[in-house]
Each structure stands twice: as structure tokens, then as C-alpha cells.
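Each chain, written out:
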Amino acid sequence: MKKALIVWPFISLLAFMIMSSGFGHPAKKKLNKLAAVKGFALVELFTSEGCSSCPPADDAVAALAKEYPSGVFVLSYHVDYWNYLGWKDPFSSADYSSRQQQYAAVFDLNSIYTPQVIVNGKTQFTGSDKSRLYNVVDKALNEKNTASIELSAAATAAKEVQVNYKTNADKNMLVRVALVQLQASNAIKRGENRGLQLKHIDVVRSFKTAGSNAGSISFTFPEGLTAKDCKVILFVQNATNMHIAGAAECPVNVVM
């Protein structure tokens, strides 16, 4: 009994010291890491509700967004080329398939595929590869961000979103602006994912390229959505190699 009385307090004290120092406490280590963030990571996911390989990628970027509340921007583009499998993805657009084709040309890929993740327009890989996703994002967050972006968005009485922006983009850069739905959920009734309830984050509902490095641009709210359901993400992208120089996001404010 005496031995137990001596050993257990020692173990308890040792455990307390370890936890207090931060060892064995992933959450604290992650917060310390985020405090030192100096770069950014724009994570573009090309996905589809009609693709059975896509749900793990959707889950991976959702987990990433929770763990990295600063410096990471997610854009989930739902492509339309899997709609023939029996389920038409309600978030899909041919425009997003075309954007993926542009990346395929830059990366010299033979074809496009889902799920695909592209980080900062520089690195592409299979979207369900969670380990690589975190490694690439960590690397991006440790690179210096030199872009300057000012951004605001407000809902108007005409059910539109008015976006005002200013960047330091030069003539070789394009200003891209996306209206993003924060959360989405859908019960899949046909196709490869039949019977599943799929959840998505940061779904791109409209995507535009601005005409200059400063000005305004407008979006119309998709049916059923209001300001509280959306945000705006803006990023500056090289017109030739598709590399992204900087990104920013803002909520959609309601003007009273």
C-alpha cells in the first residue's frame, strides 16, 4: 500500500507536467502552429455527388477547414461530367468542369478526374489523400504571402450580393471571385452514392473573373439562400501558369 501511495502521486504529477508543457496535446500544438501562420492555402476541390470516390475527399477538406481556421480557404467545385451516371448533382456546373480543364492543360494531364485537389494553383493530387493534403497545406502556410487584398460584401434589396474589392494585382494577374455556400447536405437517391446523405462545405455557387484590380462585382443569391448562408472568397491568379498569389474571404453583410 505504501508503494502505491508513493508511485501514483508521482505518475499523476508527471502526467500533469507533460500536459501542462503542451506535450501530448495536439490541439494546443495546432494552435501554436496557427499563431505562426504567414502564408495562405487556397484549396480547390473538384468533386461530384455522382462519384463514389468523392465523399472521402469532401470529408477531408471539411476536417482541414476545422483544424485550420486561419489562412486556409476552401472552394468546392461540383463538376457536371458525372451527371450521366444516374444522379444529377444540383451544385454542378459546366463552368467548373471547364476550370478543371484549364488546370489539366497547365499540369499537362491526359484527362481530368475527381476527386482532385489543387493548392494555390501549384500542386495537384487526389483529393482523398488526406496526408498529402495536410503536408501541402502546411508547406503553403509557411511561405510568405505578399498579396494585398481588401474585400467586403453586402446583400442588397434585389437579392443580390454586392462585392467591393481592391488588390495589388498587376496586368498579368486575374482577380477571381466566388460566391460560396457555407454548408450543404443532400440525400442521394440514384447513382453510385445512392442511399447516402452527403455533406459539403464551401460549395462554389457562382464564379466570376473581375475586369480590373479594383472595383465591384455582383452575384445573385441561389434560390433558397440568404446572406447568412454564404460568404465571398477572392483570390489573385496568374493568367499564364495559374499560380495563386493571395486570397481573402469575407461574410455577406446585411445592409439595414
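Structure: see above.
The present account deals with the structure reproduced in this document.

Parameters at a glance
- Residues numbered from 1 in each chain as written.
- Predicted model: local features only at pLDDT ≥ 70, side-chain atom pairs only at ≥ 80, totals over all residues.
- Heavy atoms only, no water.
- Helix = DSSP H or I, 4+ residues; strand = E, 2+ residues; numbered from the N terminus.
- Buried < 20%, exposed > 50% of the residue type's maximum accessible area, 1.4 Å probe, protein only.
- Contact = heavy atoms within 4.5 Å.
- Areas by Shrake-Rupley, 256 points an atom, 1.4 Å probe, with all protein chains shown as cover.
- Core = buried A, V, L, I, M, F, W, Y, C linked by side-chain atoms within 4.5 Å.
- Pairing = 2+ DSSP bridges.
- Phe/Tyr/Trp six-rings, centres within 6.5 Å; stacked < 30°, edge-to-face > 60°.
- Lys NZ or Arg CZ within 6 Å of the ring centre and 35° of its normal.
- Lys, Arg positive; Asp, Glu negative; His and termini not counted.
- Salt bridge = Lys/Arg side-chain N within 4 Å of Asp/Glu carboxyl O.
- Polar contact = N/O pair within 3.5 Å; in protein donor to acceptor, adjacent residues only side chain to side chain.
- 1 Å grid on protein atoms, 1.4 Å probe; cavity = no way out; pocket = protein on both sides within 12 Å on 5 of 7 lines; lining within 4 Å.
- Points joined across faces, edges and corners; volume = space filled by probe spheres on them.
- Nonpolar A, V, L, I, M, F, W, Y, C, P; charged D, E, K, R; others polar.

1. Some points on the overall build of the chain
Point 1. When its secondary structure is counted, the chain shows 5 helices and 12 strands.
Point 2. Expressed as a percentage of the 256 residues in the chain, the buried residues total 45%.
Point 3. Once local pairs closer than 6 in sequence are excluded, the contacts in the chain between residues at least 24 apart make up 68%.
Point 4. Counting only carbon and sulfur atoms, one obtains 55% of the accessible surface of the chain, whose full area is about 13600 Å².

2. Observations regarding the nonpolar core
Nonpolar side chains tend to gather and get buried jointly when the protein is soluble and globular.
Point 1. If you look at the biggest cluster of nonpolar residues, it comprises 24 residues, and the most contacted ones within it are Leu 151, Val 161, Val 163, Val 177, Val 232 and Val 252.
Point 2. Leaving out residues up to four positions away in the same chain, Val 177 has contacts with Val 163, Ser 206, Phe 207, Lys 208, Ile 217, Phe 219, Val 232, Ile 233 and Leu 234.
Point 3. Core analysis: the next-biggest nonpolar cluster, separate from the first, contains 20 residues, Val 72, Phe 125, Leu 133 and Tyr 134 among them.

3. Things to note about the sheet that holds strand β12 (residues 253–254)
Point 1. Judged by pairing direction, the sheet is mixed, and its 4 strands sit side by side in the order β9-β6-β5-β12 without closing on themselves. The strands lining the two open edges of the sheet, one partner per strand, are β9 (214–220) and β12.
Point 2. Bridge count for strand β5 (residues 149–155) against β12 is 2 bridges, and the pairing is parallel. Bridging from a neighbouring strand, Ala 155 pairs with Val 254 of β12.

4. Structural notes on the packing of aromatic side chains
Point 1. In total, this model carries 9 aromatic pairs according to the counting rule given.
Point 2. Here Tyr 77 and Phe 207 contribute two aromatic rings whose centre-to-centre distance is 5.8 Å and whose plane-to-plane angle is 75 degrees, an arrangement assigned as edge-to-face. One end of the pair, Tyr 77, is in strand β2 (residues 72–78); the other, Phe 207, is in strand β8 (residues 197–210), and 130 residues separate them in sequence.
Point 3. Among the aromatic residues, those joined into a ring-pair cluster are Phe 46, Tyr 77, Tyr 96, Tyr 103, Phe 107, Phe 207 and Phe 235.
Point 4. It is Lys 208 that lies over the ring of Phe 219; its NZ or CZ is 5.1 Å from the centre.

5. Quick word on the side chain of Asp 58
Point 1. Within the fold, Asp 58 resides in helix α3 (residues 55–67).
Point 2. No salt bridge is formed by the buried Asp 58. Its closest oppositely charged neighbour is Lys 199, at 12 Å.
Point 3. A polar atom in the side chain of Asp 58 sits 3.2 Å from the side chain of Thr 47.

6. Section: the layout of surface pockets
Point 1. The calculated volume of the largest pocket comes to roughly 190 Å³.
Point 2. Put simply, the parts of the chain that give the lining of the largest pocket at least two residues each are α3, β7 (173–187) and β8.
Point 3. In terms of residue count, the dominant contributor to the lining of the largest pocket is α3 (5 residues).
Point 4. The class makeup of the residues in the lining of the largest pocket is 5 nonpolar, 3 polar and 6 charged.

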